[in-house]
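# Examination of the molecular architecture
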Amino acid sequence: MQTTFSLFINGQAVQGDRDAFPVINPATEEAFADCPAASPEQVDQAVAAAAEAFKTYQHTPDAERKAMLHKIADLIEANAEELARLVTLEQGKPLALAQMEVGGAIGWTRYTADLDIPVKLIEDSPERLVELHRKPLGVVGSITPWNWPLMIAVWHLMPAIRTGNTFVSKPSSFTPFSTLKLVELINQVVPAGVANIVTGEGGIGRAMTSHPNIQKIVFTGSTPTGQDIMRKAADNLKRLTLELGGNDAGIVLPDADLDKVAPAIFQTAFLNMGQTCAALKRLYVHESQYDDLCQRLAKIASEQKVGPGLDEGVTFGPVQNKAQFDLVSELVEDAKAQGGQILSGGAPLAGAGYFYPPTIVAGLSDGVRLVDEEQFGPVLPVVRYSDIDDAVARANNNVNGLGGSVWGTDIEAARKVASRLECGTAWINNHAEVLPHCPFGGCKMSGFGLEFGEEGLLEYTAPQLLNISRG
Ligand code: NDP
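Residues numbered from 1 in each chain as written. Predicted model: local features only at pLDDT ≥ 70, side-chain atom pairs only at ≥ 80, totals over all residues. Heavy atoms only, no water.

Let us look at the overall build of the protein chain. Each helix and strand in the protein chain was counted, giving 15 helices and 22 strands. In terms of overall dimensions, the protein chain has a C-alpha envelope of 70 × 65 × 40 Å along the principal axes. Carbon and sulfur atoms make up 52% of the accessible area of the protein chain, which amounts to about 18,400 Å² in all. Within the protein chain, one finds 37 positive and 56 negative side-chain charges whose respective centroids are separated by 4 Å. (Helix = DSSP H or I, 4+ residues; strand = E, 2+ residues; numbered from the N terminus. Areas by Shrake-Rupley, 256 points an atom, 1.4 Å probe, with all protein chains shown as cover. Lys, Arg positive; Asp, Glu negative; His and termini not counted. Charge placed at Lys NZ, Arg CZ, Asp CG, Glu CD.)

Turning next to the site of the ligand. The immediate surroundings of the ligand are formed by 25 residues, with Trp146, Ser173, Ser222, Asp228 and Gln324 found nearest. Between the ligand and the protein, one listed contact pairs an oxygen atom with a backbone N or O atom of glycine 200 at 3.4 Å. Looking at the shell around the ligand, its residues break down into eight nonpolar, 12 polar and five charged. (Near = heavy atom within 4 Å. Polar contact = N/O pair within 3.5 Å; in protein donor to acceptor, adjacent residues only side chain to side chain. Nonpolar A, V, L, I, M, F, W, Y, C, P; charged D, E, K, R; others polar.)

Here the focus is the side chain of glutamine 320. Residue position: glutamine 320 is located in the loop between helix H10 (290-302) and helix H11 (322-337). Overall, glutamine 320 belongs to the buried group, its relative accessible area being 3%. Among the polar contacts listed, one links the side chain of glutamine 320 to the side chain of asparagine 321, at a separation of 3.0 Å. The contact partners of glutamine 320, leaving out residues within four places of it in the chain, are Pro26, Glu90, Gln91, Trp146, Phe174, Thr175, Gln275 and Tyr354. (Buried < 20%, exposed > 50% of the residue type's maximum accessible area, 1.4 Å probe, protein only. Contact = heavy atoms within 4.5 Å.)

Turning our eyes to something else, we now look at the pairing of strand S18 (residues 403-407). Among the five residues of S18, five are classified as buried, and the element is accordingly described as predominantly covered. Neither face of S18 is left uncovered, since the one carrying Gly403, Ser405 and Trp407 and the one carrying Gly404 and Val406 both have all their residues buried. Sheet topology places strand S12 (residues 248-252) next to S18; four bridges connect them, and they run parallel. In the sheet register, alanine 249 faces S18, and the bridge partner there is glycine 404. Note: S18 against strand S19 (residues 425-428), four bridges, orientation parallel. Its bridge partner being in S19, valine 406 is matched across the sheet by isoleucine 428. Each parallel crossover has a hand, and for S18 linked through helix H14 (residues 411-418) to S19 it is right-handed. (Pairing = 2+ DSSP bridges. Right-handed = clockwise from strand over helix to strand, strands pointing away.)

A word on the environment of alanine 48. Mapped onto the elements, alanine 48 comes out in helix H1 (residues 40-57). With 292 residues separating them along the chain, alanine 48 and glycine 340 place their C-alpha atoms 54 Å apart.

Let us look at the nonpolar core. Residues Ile161, Leu182 and Ile186 are the most contacted members of the largest nonpolar core, which totals 58 residues. Per element, the largest residue contribution to this core is 10 residues, and it comes from helix H5 (residues 149-162). Counting residues in hydrophobic clusters, the runner-up holds 29 residues, among them Ala249, Ile251, Leu253 and Ala395. (Core = buried A, V, L, I, M, F, W, Y, C linked by side-chain atoms within 4.5 Å.)

Considering all chains together, one arrives at 26 salt bridges under this definition. Residue arginine 369 is joined to glutamate 330 by a salt bridge in which the shortest nitrogen-to-oxygen separation is 2.9 Å. Pair noted here: arginine 369 is in helix H12 (residues 369-372) and glutamate 330 is in helix H11, with a separation of 39 residues, a long-range link. Look at glutamate 330 and you get partly exposed, because its relative accessible area is 41%. Residue aspartate 390 pairs with arginine 394 through a salt bridge whose shortest N-O separation is 3.1 Å. Residue aspartate 390 and its partner arginine 394 are located together in helix H13 (residues 388-396), separated by four residues, close to a single helical turn. With relative accessibility at 34%, the residue aspartate 390 sits in the partly exposed group. It is possible to trace a salt-bridge network through shared partners that takes in Asp62, Arg65 and Arg162. (Salt bridge = Lys/Arg side-chain N within 4 Å of Asp/Glu carboxyl O.)

The contact between helix H2 (residues 62-78) and helix H4 (residues 95-114) brings their axes to 8 Å, and the two run at 170°. Comparing their axes, H4 and H2 come out roughly antiparallel. From H2, Lys66, Leu69, His70, Ile72, Ala73, Asp74, Ile76 and Glu77 reach across to H4, where they touch Val102, Ala105, Ile106, Thr109, Arg110, Thr112, Ala113 and Asp114. Across the contact of H2 with H4, the residue classes tally to eight nonpolar, three polar and five charged. (Axes fitted to C-alpha atoms, helices over the stretch in contact; angles between N-to-C directions. Parallel < 35°, antiparallel > 145°, perpendicular 65-115°, else oblique.)

For the rest of this paragraph, the subject is the sheet that holds strand S5 (residues 120-124). The strand order across the open sheet formed by three strands is S5-S6-S22, and the pairing between neighbours is antiparallel. The open sheet has two edge strands with one neighbour each: S5 and strand S22 (461-469). Neighbour-to-neighbour, the strand axes of the sheet open up by a mean angle of 20°, direction not taken into account. Where strand S6 (residues 128-136) and S22 come together, nine bridges link them in antiparallel fashion. Looking at S22, one finds that leucine 129 is bridged to isoleucine 468.

Let's shift gears to helix H8 (residues 223-233). For the α-helix, the turn length of 3.6 residues means that residues three or four positions removed from each other point alike. Within H8, burial applies to Thr223, Gly226, Ile229 and Ala233. With its buried residues spanning 115° around the axis, H8 presents them on a single face. Every exposed residue of H8 that faces more than 90 degrees away from the buried side is listed here: Pro224 and Arg231. Packed against the buried residues of H8 are strand S7 (139-143), helix H7 (204-209), strand S10 (216-220), strand S11 (239-243) and strand S17 (400-401). (Arc of directions from axis to C-beta.)

Treat this as a map of the structure, not an account of what it does.
Rendered as structure tokens:
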């Protein structure tokens, strides 16, 4: 199988030095294209090109960088159809959701283009003028996962180049093509060497995290990989943004309007077949509404049309890869063995493809793997509670701290509960909503650092204090 995609190093499309590897379509379990594989020497070349380009790119006038990002957004828009199909083929999600992902990529690029890099006035007195400026860091290494491949690449790469850094991108080996295409488009706009991409199975990410000439790593993925990156980053004190796993809890208060919250809870728990870092992954429901809400969620689950993402009318695609599919199957089997009641789904579909229907499991409590661990897939455990303090304690009794939510009609009561959740974002009557202007990040083992908004942008800069003496 011939690959039609290339690495980009120093503005040039190049083939990988190693043998290309097949990328599987999760709807068929068959390879649909080959991906170029870079050698460690090509990682070095990409970093060297980015470091060389940084010398001049960092001084590009701000207005020019803003205009470049808008041009990139125009190109993403012009290639939207191809990008959406690529996302569906490599990731599995229904085409309509892939089109939303491309829309998000455009929106985030334009929003980032228009952000200003602030100069903070610290002192303006007869003695001195003191200002806090922001300077780019150098070469940024971006390592991305397989759930939202295009959008997360945009989240990493646009603030990097907006603030005057150069980058080397390394997408997940499961979903490399939409990012390869994105970086090809970026290369039509930025000077040679600013935007580099290296793909390859195993070792490429590690070569980047231990590289002495990369100044920052922005990573989205699993907590163990985040820990490995943090260890390696110590050698040259790389700055880090780590957006890791979550096991987000949602708490439904007794006064919640189930007509409203049931569809919203389903949407936010099963967004992208549940493969979303900040999806709702454990649901705590007050005993007064427990059975009712369980039945409603199971009904919505059973109405989904599960199938290949390119097929007409499909609302629910496959799990992205075999390992994740096996993990979901294993957690559901364990939940059954622990007394969980399957209200919908509960077993993989027969035939080719990693299809697992949306699964609602009732009758579980904490201490069962499906509740305690991140499932990152199409299954939601629904846990009964009777006392709100106990529900909050259970929601917080987890190593992760990405997001959390409270669902209820009395907003002030919900706000009080939300403020007690140990997580980076607390939603009320919503979950998993991320927006370009809202800083987003986790606490505890879900990582640190922020993305989006001015706070997210500044993570790609180092402060420089300018102190002008007037004495
Ligand atoms: P990983 O964290 O292993 O992979 C994510 C990215 O990191 C990929 O690009 C991968 O490259 C790269 N990588 C892997 N190991 C290293 C390393 N030691 N140093 C540097 N880079 C590395 O995630 P998985 O794909 O294995 O998924 C496993 C779990 O991660 C899921 O079950 C889920 O819980 C969680 N996850 C969380 C996501 C989130 O949004 N927070 C997204 C995806 C997964 P390569 O593909 O070449 O191995």
